[in-house]
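# Results of the structural survey
So the chains spell out like this:
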Amino acid sequence: MVLVLAIGDLNIPHRAPDLPPKFKSMLVPGKIQHIICTGNLCIKEVHDYFKTLCPDLHITRGEYDEDSRYPENKTLTIGQFKLGICHGHQVIPWGDLDSLAMVQRQLDVDILVTGHTHQFKAYKHEGGVVINPGSATGAYSSFTYDVNPSFVLMDIDGLRVVVYVYELIDGEVKVDKIDFKKTATAPSAH
Amino acid sequence: MLNGTEDEEKWLAEGIAGIQHNAFYMHRALDSNNLREALKYSAQMLSELRTSKLSPHKYYELYMRAFDELKRLELFFKDDSKHGVSVVDLYELVQHAGNILPRLYLLCTVGSIYIKSKEAPAKEVLKDLVEMCRGVQHPIRGLFLRSYLAQISRDKLPDIGSEYEGDADTVMDAVDFVLQNFTEMNKLWVRMQHQGPGGVREKREKERSELQDLVGKNLHVLSQIEGVDLEMYKETVLPRVLEQVVNCKDDLAQYYLMDCIIQVFPDEYHLQTLETLLGACPQLQPTVDVKTVLSRLMDRLSNYAASSADVLPEFLQVEAFSKLSNAIGKVIEAQLDMPAVGAITLYVSLLTFTLRVHPDRLDHVDQVLGACVKKLSNIPKLEDSRAMKQVVALLSAPLEKYNDIVTALTLSNYPRVMDHLDIGTNKLMAMVIIQSIMKNNSCISTADKVEVLFKLIKGLIKDIDGADVDELEEEDFKEEQNSVARLIHMLYNDEPEEMLKIICIVRKHTMVGGPKRLPFTVSSLVFSALRLLRQLQGQEGDIVGEEASMTPNKIFQLLTQIIESLSAVPSPELALRLYLQCAEAANGCDIEHVAYEFFTQAFLLYEEEIADSKAQVTAIHLIIGTLQRMNVFGVENRDTLTHKATGYSARLLKKADQCRAVYACSHLFWVDDQDGIKDGERVLLCLKRALRIANAAQQMANVARGSGGPVSLFVEILNKYIYFFEKGNKQITSSAIQGLIELINTEMQSDSTNPDSVADAFLASTLRYIQFQKQKGGVMGEKFESIKL
């Protein structure tokens, strides 16, 4: 069991002051093995905070990030899965799942983690799975008027990944889960 | 010095030897019931205590030896069957001892038995003893003697309910006795300060402090006397103790005894005698640390208040706060050279007190702050860092107590205190305030509170005269400004009118921040305003047209002005992003000309200000991405902007970037909505253009490096062909796709010396996708069927 936190688009301090307190109390150090961050943190304080949760931190660049040295995209292997990260402002049309699928093919990964739209998505297509953890702070987004703070926790176990999405709705944290299984050639959803 | 201690050790050893020697003989006398001999040897033994050579610490050791022996003697005295002398006669007999000190020790010992025998009223014996002890005026010897008297008389005081109470003996007598012993002991103790060689003052004070508990013990005894109720404490005990405390005019004694009174007597009593107790404070020596005394008193009373809610009305009834407040004022006035840190520490204690006892009385809090302001105004420039720390403590206390900055913002004196801080401390305090807001997730929701808040944190918002911004470390400066940026999101009201006011106030304050601060604060302000716009949109249905002050256009004007200020920094990349956000917002409000204007500004910045190639790539993608989502534009405007976008895309520096930007532009001509543009031809034109660029890139790579270039570009373009093919763009044919696939294969094979595994995998998965679509069956399957692999 490997826990991977997928989180991003906090947009601190431009659009939001801080993570919601209920999220902060859930995210404790030592429980998570990897953090994947889609970008738009935007400041060093957030980077340092993530580092305290887990030293294995992977970040890609969002268009408002203070640190311009984050890469445009990144790939890594966790267990049996190849994961790719890309903020998504580079992929036009924004939020378009087919265009994102192309990026997934290009990076040759099973799971593509992306952001920018502040909308949670977990979408399975022929080539793999696209996950958008949404905005962890519920920051302003031009895509939707209704942004609930959210983040994703992936539990990677062999050929199976369970995606838990945590959403703060009306002050309460709601959890949902989706199962994905990888076959020899491609993942399929349950 | 070493010699001194060595000598003392020697004398102590000699003294102890002397005691032991005489005790030996005394025991023999006791065993043989020989009173005469017992008296003789006990007197000799006690003579060892006549020494002046020992320090209090060592004298105590000697005293304890003697004390143990006296206990045995007392047992012997008590049993008149052993020596046959009545206690009355014994009392007279011991007075024949040669030297006064042994005489008095023996007298006290017998006196103890005398009282026990009840042959005379306790009061008379006690009075006799306490007066007789006057015969010893040497401080150390006298103190120990009287301590002995206190010790043995302790359980024989005519207290209420004690066996020694009677018609002739009352509690008052007991109290009188203890008070007199206390008074005499204090006098002796004070005299120590002035006697002896003009040695080191520190040494003397150390010796005195070793003896302080002997004096203090009397107060303990008083507190333990049952008959000393509030009435007696108020009328007799406290006044007389305080009289001695004040009159002795000794700072060591005064400090110790004031503190002792506070610690030893019940808090209930202190509340009821507050005026008297406090009245003594200004009369104390100026060198006495009266602020600590008062602080400890307030601490005790605070704890008392916290112990039970029943107690609180008492506090109100005795007007504790105002009495303490007045007392502190008097002390500060009286001690003109009290340093600032002392006065402020007192105010901190008083504030803590009122926050504990009367948390709802904000007027008290404001009053304390006001008194502090007054004190600070009299100081030309406060430079003491400890005093500064105390002021910070003073200002932080209400924040911590109320957990709600809004409460602190209502205190009229709060900003006035802050004004007296030096710039560095002012900023520190401003950060404390912001952190308190963030920690408590507080929301400040009215314009006037926001105004007060921003005045409080003005040290962070702009350069204050005399401050050197460069002095601050960059890290710290960033932290400061990011805190202000975060703070802006804590200011919110769901009434649009009020929210606009808040935004205007924040803008007013932050716009003068200067080029270093603007990049931090402008973004927060812009997004705040964008949120307000949404609020307004949400309410649109209800507004009855009278709200001319608040229209989306007004807010867009405000936004423009705010973003324009970034040109002073200059921050073109940020400004471009913000203009594009505004364009999307204008799109959402369906205001075409405003959206167009924002795009114009964005393009102008791109053309004139953004020169870095990497920045250009991101910027052009942001422009394309935003434009792709616009549905408010009419054909003309859309065309102009699209043309610009594609033009700039093709003119990026690197071929690969050009290619990608151009094929991104293809999406400008195809929007998947119901009414979206679907210009298949122009899509294809874009893709073909991208292909040409990719080809050129290939050729350049061949020439420059003699090897293949980015095959990946072709695969990307292929994917775009497939995308539009799938969406139903008639201009894109399956043969075109096939041709492209062949082209890619050719390129890859021709460059077998330099295999590009990434591009290989990409092509493979693309082909897999085509296969997958074929196998889907239905409409999609048919479509893809035409692509031959």
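- Under an unreviewed UniProt entry, the name given to chain B is Vacuolar protein sorting-associated protein 35, and the source organism is Gossypium tomentosum.
- Here is the UniProt Function (unreviewed entry) comment for chain B, exactly as written: "Plays a role in vesicular protein sorting."

- The name that an unreviewed UniProt entry assigns to chain A is Vacuolar protein sorting-associated protein 29, with the source organism given as Gossypium tomentosum.
- Comment text from UniProt for chain A, heading Sequence similarities (unreviewed entry), reads "Belongs to the VPS29 family."

### Topic: the environment of Thr 117 of chain A
Residue and element names in this part refer to chain A.
- For Thr 117, the position within the fold is in the loop between strand S6 (111-114) and strand S7 (121-125).
- Assessed through its relative accessible area of 5%, Thr 117 is described here as buried.
- In the structure, Thr 117 is positioned 25 residues away from Ser 142 in sequence and 7.8 Å away in space, judged by C-alpha atoms.
- In contact with Thr 117, other than residues within four places in its own chain, are Asp 9, Gly 95, Asn 132, Ser 141, Phe 143 and Thr 144.

### Overview of the pairing of strand S4 (residues 73-78) of chain A
Residues and elements named next belong to chain A.
- Two elements, S4 and strand S5 (residues 81-86), share 6 bridges in a ladder whose sense is antiparallel. Note that in S5 the partner of Leu 76 across the bridge is Leu 83.
- Hairpin connection of S4 to S5: 2 residues between the antiparallel strands, including Gly 79 at a positive phi of 60 degrees.

### A look at the domain arrangement of chain B
Residue and element names in this part refer to chain B.
- Domain annotation of chain B identifies domain 1 (1-120), domain 2 (124-265) and domain 3 (654-788).
- A straight line from the C-alpha centre of domain 1 to that of domain 2 covers 23 Å.
- Opposite the 29 residues of domain 1 that make contact, domain 2 presents 25 residues.
- For domain 1, the biggest contributors to the area lost against domain 2 are Pro 56, Cys 108 and Ile 115; these three give 26% of the whole.
- Counting across the interface, domain 1 meets domain 2 through 1 salt bridge.
- Put simply, the parts of the chain that give the side of domain 1 that touches domain 2 at least two residues each are helix H3 (56-78) and helix H6 (100-117).
- Among the elements that line the side of domain 1 that touches domain 2, the one with the most residues is H6, at 12 residues.
- A breakdown of the residues in the side of domain 1 that touches domain 2 according to their chemical character gives 18 nonpolar, 8 polar and 3 charged.

### Focus on the side chain of Glu 451 of chain B
- Within the element layout of this structure, Glu 451 of chain B appears in helix H24 (residues 447-456).
- Residue contacts for Glu 451 of chain B: discarding those within four places in its chain leaves Ile 505, Lys 508 and His 509 of chain B.

### A short note on the interface of chain B and chain A
- Facing 50 residues of chain B, the contacting portion of chain A comprises 34 residues.
- Between chain B and chain A lies a buried interface of about 3900 Å² when both sides are counted; carbon and sulfur atoms form 55% of it.
- In this structure, the connection of chain B to chain A is made through 3 salt bridges.
- A salt bridge links Asp 98 of chain A to Lys 727 of chain B, with the shortest nitrogen-to-oxygen separation between them at 3.2 Å.
- At the boundary of chain B and chain A, one finds 18 residue pairs in polar contact (both at pLDDT 80 or more).
- If you list the elements that add at least two residues to the side of chain B that touches chain A, you get helix H26 (474-488), helix H28 (518-539), helix H30 (572-588), helix H32 (613-628), helix H34 (655-665), helix H36 (711-727) and helix H38 (757-775) of chain B.
- Residue composition of the side of chain B that touches chain A, grouped by class: 18 nonpolar, 18 polar and 14 charged.

What counts, and at which threshold
Residues numbered from 1 in each chain as written. Chains lettered and ligands numbered in written order. Predicted model: local features only at pLDDT ≥ 70, side-chain atom pairs only at ≥ 80, totals over all residues. Heavy atoms only, no water. UniProt positions renumbered as here; feature names shortened; annotations may be inferred. Helix = DSSP H or I, 4+ residues; strand = E, 2+ residues; numbered from the N terminus. Buried < 20%, exposed > 50% of the residue type's maximum accessible area, 1.4 Å probe, protein only. Contact = heavy atoms within 4.5 Å. Pairing = 2+ DSSP bridges. Domains from an automatic or database assignment. Buried area = accessible area lost by both parts, 1.4 Å probe. Salt bridge = Lys/Arg side-chain N within 4 Å of Asp/Glu carboxyl O. Nonpolar A, V, L, I, M, F, W, Y, C, P; charged D, E, K, R; others polar. Polar contact = N/O pair within 3.5 Å; in protein donor to acceptor, adjacent residues only side chain to side chain.

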